[in-house]
Every structure is written in structure tokens, then in C-alpha cells.
Amino acid sequence: MRGWSKTELATCDEVLSIEGSSLRRRADGGWELFVSSEKRRAYPSAYAEFQKPGTGVWTIDRMTGPSPDRLNAGTLAPVVVGIDPGHLHVKDPVTVDLADGGTARTDLQPPAHLGVQQYRAGAARRGRRGVRGHAPGAGTARSVLDVGVTRLTDRLRVPRVGRFADGPELSLLR
């Protein structure tokens, strides 16, 4: 079991809260951990009235290491920071391997102004040679509360054994 304090996850701003992570083994044998955290940052002035006292902005950072127990907080670097004032928060990363050797990562983007109960999902595709791009707001789900939003939290590939040996590639999504 491995964990990091809020102080260890603070790259440039104080970390107020930690939520959502995605751990994966890279093709080169190394490991990477994507983690979302709320950092003490002010909303843009046009949205300042919507910011609750003591809150910040959610971002996704990434750290790497040779094994899960040797992930190094010193490698922590920002991956996605919300840029659209209507959806400043970016959190809950899910990373999955693709058949072509690349990876895909999704994230949840709740709005800064909760009067608009709309959550968007962002997506990024990374080929073997690096990131090809991040698409903020790739999909939209309307919801009344965060617990009611539809989102992917994990993917498990079904092994091609037994009755699945000759069938198509399948995954269980959670």
C-alpha cells in the first residue's frame, strides 16, 4: 500500500482535496499514476461569485516510477488543467490501454457554476510516441447531482480463455 499526503501532491498550489486516480503499467515496464486533486486557486473573475469559500480548482497530475511502490512524487507534473471557465474542474481520470499500443484517458468536468447542472467528459488519446491531443467536453451528461452523473470508472479486459477464446475482444466497464 502506498499513499501521498496533500503536501506531497502540491506542485505549485496547496492541495485541498484528493480524489480519483488511475494506475497503469506502461509498455516499457514502468508505471504511471494519474491523480486528481483540488488546488487552492481562484475562479476567473466572471465566475468568482460561484466559488464556495475554502474551495479551489480540480486538476489532473501524473507521476511515474519503476514499480507501484516506487512511484516518485518528485516526477509529479500537470496533465490536464481546466481552461474553459464554464468547466474549470477536471477530475476522476480513467486510463485504459488500446489495442494499437496507445492509451486513452477520460476525465470528468463538472461546471464551476452549479446553476447549470451539466457535466462534461474530456478525453485524450496517447499513441506510443506521446499525446495526440486532449478534447475537453468530448461528451455531455446532464445530471442533478454529482452522484447521478454517468461516468466510466474502470475497464477490465476479458481474457481470451475458455468460452471467450475465439470470440471478439470484450471488456467489462464499471
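Here the structure is shown first, and the text comes after it.
Report follows, based on the coordinates. (Residues numbered from 1 in each chain as written. Predicted model: local features only at pLDDT ≥ 70, side-chain atom pairs only at ≥ 80, totals over all residues. Heavy atoms only, no water.)

Concerning the side chain of Glu32
Keep this limit in mind: Only runs of H or I of at least four residues qualify as helices and only runs of E of at least two qualify as strands under DSSP, and these elements are numbered from the N terminus. A simple rule labels every residue: compare its accessible area, found with a 1.4 Å probe on the protein chains alone, to the largest value its type can have, and call it buried under 20%, exposed over 50%, or partly exposed in between. Polar contacts, as counted here, are pairs of nitrogen or oxygen atoms within 3.5 Å of one another; within protein the pair requires one atom able to donate a hydrogen and one able to accept it, and residues that are adjacent in sequence qualify only if both atoms are side-chain atoms.
Inspection of the secondary structure assignment puts Glu32 in strand β2 (residues 31-39). Residue classification places Glu32 among the buried positions, given a relative accessible area of 0%. A polar atom in the side chain of Glu32 sits 2.5 Å from the side chain of Arg24. A polar contact of 2.5 Å, which involves the side chain of Glu32, links it to the side chain of Arg62.

Structural notes on the nonpolar core
For soluble globular proteins, nonpolar side chains are generally found buried alongside one another. The cut-off we apply is this: Nonpolar cores are built from buried Ala, Val, Leu, Ile, Met, Phe, Trp, Tyr and Cys residues. Side-chain atoms within 4.5 Å join them into one set. Should any heavy atoms of two residues lie within 4.5 Å, those residues are counted as being in contact.
With nine residues, the main nonpolar core is built from Trp4, Leu9, Val15, Trp31, Leu33, Val35, Met63, Leu71 and Leu76. Of all the elements, β2 adds the most residues to this core, at three residues. When sequence neighbours within four positions are dropped, the list of residues in contact with Leu33 reads Trp4, Ser21, Ser22, Leu23, Asp61, Arg62, Met63 and Leu71.

Observations concerning the environment of Arg24
Relative to the helices and strands, Arg24 is located in strand β1 (residues 15-25). Between the C-alpha atom of Arg24 and that of Thr64, which follows or precedes it by 40 residues, the distance is 9.8 Å.

Side note on the packing of aromatic side chains
Cut-off, in case you're wondering: Stacked, edge-to-face and tilted are the three classes for Phe, Tyr and Trp ring pairs, Trp counted by its six-membered ring, which pair at centre distances within 6.5 Å; planes under 30 degrees apart are stacked, over 60 edge-to-face, the rest tilted. Comment: the charge-over-ring label is applied if NZ (Lys) or CZ (Arg) is within 6 Å of the ring centre and within 35 degrees of the ring normal.
Tallied over the entire structure, the rule returns zero aromatic pairs. Residue placement shows Lys91 over the ring face of Trp58; its charged tip is 4.6 Å from the ring centre.

Some points on the sheet that holds strand β4 (residues 72-81)
As a reminder, the rule being used: DSSP-based pairing: two strands are paired if at least 2 bridges between them are found. Lines fitted to C-alpha atoms define the axes, with helix axes restricted to the stretch in contact, and inter-axis angles between N-to-C directions lie between 0 and 180 degrees.
Pairing in this open sheet of four strands is antiparallel, and the strands run β1-β2-β3-β4 from one edge to the other. Unpaired on one side and paired on the other, β1 and β4 mark the two borders of the sheet. Shown here is a sheet whose adjacent strand axes are inclined to one another by a mean of 30 degrees, direction ignored. Of the pairings in the sheet, the one linking strand β3 (residues 57-65) to β4 comprises five bridges and is antiparallel in character. Bridged to Thr64 within β4 is Asn72.

Regarding the side chain of Glu38
Spelled out, the test is: The convention is simple: Lys and Arg are positive, Asp and Glu are negative, and His and the chain ends are not counted. Any carboxyl oxygen of Asp or Glu that lies within 4 Å of a side-chain nitrogen of Lys or Arg is treated as forming a salt bridge with it.
Inspection of the secondary structure assignment puts Glu38 in strand β2. The side chain of Glu38 is buried and forms no salt bridge, while Lys91, the nearest opposite charge, is found at 7.9 Å. Look past the residues within four positions of Glu38 in its chain and what remains in contact with it is Glu14, Val15, Leu16, Ser17, Thr55, Gly56, Val57 and Trp58.

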